[in-house]
Amino acid sequence: CWQTKIVSVRVMDADGRGYVSDQIAGIQYALRVGAKIINCSFGNTDDSSVLRDAIAEARKQDALIVASAGNDGAKSIDADNIGAMIGHSAGRRWRR
């Protein structure tokens, strides 16, 4: 029998705004409570070494990071940003 637990962690305000520090705190909290799959459905247009470090730590703890893309309604996707998030969650840099 499968046993699952869903933990809701809000890292953005009601208008969808927040800080990288909140995103990191959310990832760290999810890890503390034993999450093995972490859905990062938040946008971020800037590269952040501390966010990459938080994702790397999640990988060290055998967590799978699921990243979102295209939430802004734009018709094009910035492949470099998506690749960076996917690459870090997979433990290697993604190349186009």
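Predicted, not measured: the structure shown is a model, and the values here were computed from it. (Residues numbered from 1 in each chain as written. Predicted model: local features only at pLDDT ≥ 70, side-chain atom pairs only at ≥ 80, totals over all residues. Heavy atoms only, no water.)

Student: How should I be thinking about helix H1 (residues 20-32) in this particular structure?
Tutor: Think of an α-helix as turning once every 3.6 residues; residues three or four places apart then point the same way. Taking 1.5 Å of rise per residue, 13 residues should cover 18 Å, and H1 covers 18 Å from first to last C-alpha, within 8% of that figure. Along H1, the residues that are buried comprise Gln-23, Ile-24, Gly-26, Ile-27, Ala-30 and Leu-31. Burial along H1 is one-sided: seen end-on, the buried residues are contained in an arc of 155°. Following H1 by one or two positions, Gly-34 has its phi on the positive side, about 95°. (Helix = DSSP H or I, 4+ residues; strand = E, 2+ residues; numbered from the N terminus. Expected span 1.5 Å × (residues − 1). Buried < 20%, exposed > 50% of the residue type's maximum accessible area, 1.4 Å probe, protein only. Arc of directions from axis to C-beta.)

Student: Quick question: what am I supposed to make of a nonpolar patch on the surface here?
Tutor: Taken together, the side chains of Val-7, Val-9 and Tyr-29 make up a nonpolar region of the molecular surface, amounting to roughly 210 Å² of accessible area. Exposure remark for Val-9: the relative accessible area of 31% places this residue in the partly exposed category. (Patch = residues over 30% accessible without salt bridge, like charges linked within 9 Å, V, L, I, M, F, W, Y side chains within 5 Å. Areas by Shrake-Rupley, 256 points an atom, 1.4 Å probe, with all protein chains shown as cover. Salt bridge = Lys/Arg side-chain N within 4 Å of Asp/Glu carboxyl O.)

Student: Before we go on, may I ask you to explain the confidence of the model for the chain in this structure?
Tutor: For the chain, the average pLDDT comes to 76, and 68% of its residues sit at 70 or higher. Averaged over each element, pLDDT in the chain is lowest for helix H3 (residues 79-90) (49) and highest for H1 (93). Note on residues 83-96: pLDDT under 50 across the span, and 19 contacts to partners over four residues away in sequence or across chains. (pLDDT = per-residue confidence, 0-100. Contact = heavy atoms within 4.5 Å.)

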